[in-house]
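Residues per chain are reported as follows:
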Amino acid sequence: MSKALLYDATLCIGCKQCEGACAQQNKLPYDDNVAAETVQSAHKYTVVLTKDDKFMRRLCMHCEEPACASVCPVGALHKTSEGPVVYDVWKCIGCRYCMVACAFSQPKYEWGALNPRVRKCIMCPDRVVAGKPTACAEICPTGATKFGDRDDLIREAQERIRQNPSNYVNRIYGMKEVGGTSVLLLSSVKVEEYGFPASARIGDTPMPEYTGRVMERIPDFIPVWTLVLGGIYWVSHRREEVAEAEAEEKNGSAR
Amino acid sequence: MKFKLTFWKIVFLIIMVLGLYSTFVRYFYGLGAVSNMTDQFPWGLWIGFDCLCGVMLAAGGFCMVGAVYLFNVESLHSVVRPAVLTAFLGYVLFIVGLLFDLGRPWFIWHQLIYRNPHSVMFEVGMCVMTYTTVLFFEFLPNVFERFNLKTPIKWIQKVYPILIVLGILLSTLHQSSLGSLYLIMPSKLHPFWYTPALPFFFFGSAVAVGLAMTIFESTQSARAFGRQLELPVLVTLGGALLVALWVNLLLRFEDYYHRGMLAQIFKPSYEAYFLWLELTLTFVIPIGLLSFKKVRLSPNGLYLASVCTVLGFITNRLNIALIGFETYVGHHYMPKWTEFSITLMIIAMGFALFGVAAKYLPIFPEAHHAVKARLRTEPGPVVSTPVLGHAGD
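Cut-offs used in this document
- Residues numbered from 1 in each chain as written.
- Chains lettered and ligands numbered in written order.
- Predicted model: local features only at pLDDT ≥ 70, side-chain atom pairs only at ≥ 80, totals over all residues.
- Helix = DSSP H or I, 4+ residues; strand = E, 2+ residues; numbered from the N terminus.
- Rg over C-alpha atoms; globule rule 2.2 N^0.38 Å.
- Buried ≥ 20, exposed ≤ 12 C-beta atoms within 10 Å, placed from the backbone.
- Contact = placed C-beta atoms within 7 Å.
- pLDDT = per-residue confidence, 0-100.
- Nonpolar A, V, L, I, M, F, W, Y, C, P; charged D, E, K, R; others polar.
- Pairing = 2+ DSSP bridges.
- Axes fitted to C-alpha atoms, helices over the stretch in contact; angles between N-to-C directions.
- Core = buried A, V, L, I, M, F, W, Y, C linked by C-beta atoms within 7 Å.
- Domains from an automatic or database assignment.
- Expected span 1.5 Å × (residues − 1).
- Bend = angle between axes of the 7 residues up to and from the residue.

K.L.:
Is there a simple way to think about the overall build of chain B in this case?
P.N.:
For chain B, the count of helices and strands is 16 helices and zero strands. Here the C-alpha atoms of chain B give a radius of gyration of 21 Å, agreeing with the 21 Å that 2.2 N^0.38 yields for 393 residues. Put simply, chain B has 393 residues, and 49% of those count as buried. Across chain B, the fraction of contacts at a sequence separation of at least 24, relative to all contacts at a separation of at least 6, is 82%.

Now the structure itself:
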């Protein structure tokens, strides 16, 4: 069964321990300066945003059908059966199509490096395979970030909304967006206020379908178009041959 | 041979020196140092111009090959060779541009072994690779002829039908798939430009630009090489261009109409200004001009209309690649001067290579001997004849 993360903003106290744990897990630098950064970057995969007295976490959503994986020409990104969307750096050619294609703009780039890598939260795949929670979920003191089976977490989120409807926006962000994601968000204010794309804007259609509709026609298009082009060539040149033969015949009979 | 500095040679040298400096920065300090691309704007001028426009400007090759060899339009025969040369150089330089833009260009060959057939980028990559090879073979007869090698010309002639069909097939596929690249970004690209019809628009506009570029480059090379301008050829192309523009315009109108955008595109906004510029250059001016028979029969009129068309569709590609993302991103992207200088260097290389090829190879068959004769008497024309406007990029 596929794993997921449930982040409940109403439980978050903004301690940013998840940021630190993430940095440690991924061997990234983390100090007060990094903690103060409010944008994700090649050295900060997750960020806790503050607005008034409320918090919101941003990280890769680990789409069920990730756009980044579908657009990568060399298949450097893929969705594992356990849930994480992971990155094989040795395949990457650096086209950055994943960054442009991601509806949540999650992949970041090492712009200063000479052999740059795409960087994003990879949902601690080694830990997940070993049956352990992600580093951020493990360290979270309040359970705001919770790791578990996706279906269980959805049920639990629905239960929390049912028991405390006044506490939550009646929506689990990530349950249906772009066909569902492995990161689910609950909060008392709209997540759009923290820079997430609006549900209506990204829709429930998995992103790969937009290109898939065109790409799936190509295997049929190639033989048909080849035949059409070859046919045109044959007809127009056959006409020439016939005209030549006729002219010859005429000459022959005239003589 | 005496080396004489002319105005265009100096321009060429300056462009190359600046370009080489930027190349140094690119490979020794990384993409961040050489460009203004960021995590928010991962694709910049190089994708927008070098790739999208470069491939579009090289469309003359498959258009002319299609017209002459597929539909047997004999009268256009004289423009096939320059068009194929333009296309071949255009694609080679597109690949050069890619080597600058890719973060890890040394792994570009990974396309061949780690294939992802779902990726539009993979399709583009494979098509570019195979089509460049096809263009190479379509171009080879020039070289064989130059050295009077009869046997290999016969071999190429035997496979020519295959090359022609394959070339047009590959062009159709990847001119359109450059548009398909953007289909996956419905939430990011501005609705003026995001439409499920993008692949059709990219192909349709490539045909129009292919015709316009052929008019443009015939006029330019006639001037540069002192050849007689073949007006009947240009008139035929001009008529075809008018039809192509009307088809493009109708498709654009249909698209806006069906998506209910007609009212919005007339409302002033940042994007609307760029859209108006694009539509004026692509449709209003050239269609207006070409509608007059007098213009359709005049070399200058045809030249002006084709330049407008080319600039218009360049605007279209840049709108899609850059302007269309600015509202989503929330800030503007302005390329760094080093980005411009690398693009300029690649264009200059295109001009120079075209000049060299036109000088030493039978690209313009009837003018070839005249050029040769001139070569013997005076120190050849400027290698970097930048007036030979055409694309390589």
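We are not done yet, so read on.
K.L.:
Help me out: how do you make sense of the confidence of the model for chain B in this one?
P.N.:
Low pLDDT means the predicted atomic positions in that stretch should not be read closely. Residues and elements named next belong to chain B. In the predicted model, chain B carries a mean pLDDT of 88, and the fraction of residues at 70 or more is 92%. Across chain B, helix α12 (residues 270–290) holds the top mean pLDDT of 95, while helix α16 (residues 365–377) sits lowest at 46. Scored as a complex, the prediction yields pTM 0.89 and ipTM 0.89.

K.L.:
What is the right way to read the interface of chain B and chain A from this model?
P.N.:
Accessible area lost when the parts come together is the quantity often used to give the size of an interface. Contact residues are listed per partner, giving 38 residues for chain B and 48 residues for chain A. Per-element tally for the side of chain B that touches chain A: the top contributor is helix α8 (residues 150–180) of chain B, with seven residues. For the side of chain B that touches chain A, the per-class residue count stands at 22 nonpolar, 13 polar and three charged.

K.L.:
Looking at this structure, how should I read the sheet that holds strand β8 (residues 145–149) of chain A?
P.N.:
The strands making up a sheet associate through backbone hydrogen bonding, with each pair oriented either parallel or antiparallel. Residue and element names in this part refer to chain A. Taken in spatial order, the three strands of this open sheet run β8-β1-β9, and their pairing is mixed. Strands at the two margins of the open sheet, each flanked by one partner only, are β8 and β9 (183–186). Neighbouring strand axes in the sheet, compared pairwise and without regard to direction, differ in orientation by 25 degrees on average. As defined by bridge partners, strand β1 (residues 3–8) adjoins β8 across five bridges and the pair is classed as antiparallel.

K.L.:
Even after reading the chapter, I still don't get the nonpolar core, so can you show me in this structure?
P.N.:
In terms of nonpolar packing, the biggest core is built from 186 residues, with Cys68, Val71, Cys98 and Ala101 of chain A together with Val209, Leu211 and Leu241 of chain B touching the most fellow members. The element that contributes the greatest number of residues to this core is helix α9 (residues 198–225) of chain B, accounting for 13 residues. Filtering out sequence-adjacent residues up to four positions away, Val209 of chain B remains in contact with Met56, Leu57, Ala59, Thr309, Val310 and Phe313 of chain B.

K.L.:
Teacher, can you tell me more about the domain arrangement of chain A here?
P.N.:
By domain assignment, chain A separates into domain 1 (3–207) and domain 2 (217–254). Distance between the C-alpha centres of domain 1 of chain A and domain 2 of chain A: 59 Å.

K.L.:
Can you help me understand the environment of Glu123 of chain B in this one?
P.N.:
Within the element layout of this structure, Glu123 of chain B appears in helix α7 (residues 120–146). Accessibility expressed as a C-beta count within 10 Å gives 24 for Glu123 of chain B, which makes it buried. Taking the C-alpha atoms as reference, Glu123 of chain B lies 22 Å from Gly66 of chain B; in sequence the two are 57 residues apart. When residues no more than four places from it in sequence are discounted, the contact partners of Glu123 of chain B are Ile218 of chain A together with Leu173, His174 and Ser177 of chain B.

K.L.:
Help me understand α12 of chain B, please; the structure alone is not making it clear to me.
P.N.:
Helical geometry: 3.6 residues make up each α-helical turn, so side chains three or four residues apart lie on a common side. Its 21 residues place the ends of α12 of chain B 30 Å apart at the C-alpha level, agreeing with the 30 Å of an ideal helix rising 1.5 Å per residue. In the structure, α12 of chain B departs most strongly from a straight axis at Thr280 of chain B, where the bend amounts to approximately 45 degrees.

K.L.:
How should the environment of Ser188 of chain A be read in this particular structure?
P.N.:
Residue and element names in this part refer to chain A. Take Ser188: it is sitting in the loop between β9 and α8 (199–202). Once the C-alpha coordinates of Ser188 and Lys3 are considered, the two residues, 185 residues apart in sequence, prove to be 24 Å apart. Discounting chain neighbours no more than four positions away, the residues touching Ser188 are Ala9, Thr10, Lys54, Asn167, Tyr168 and Val169.

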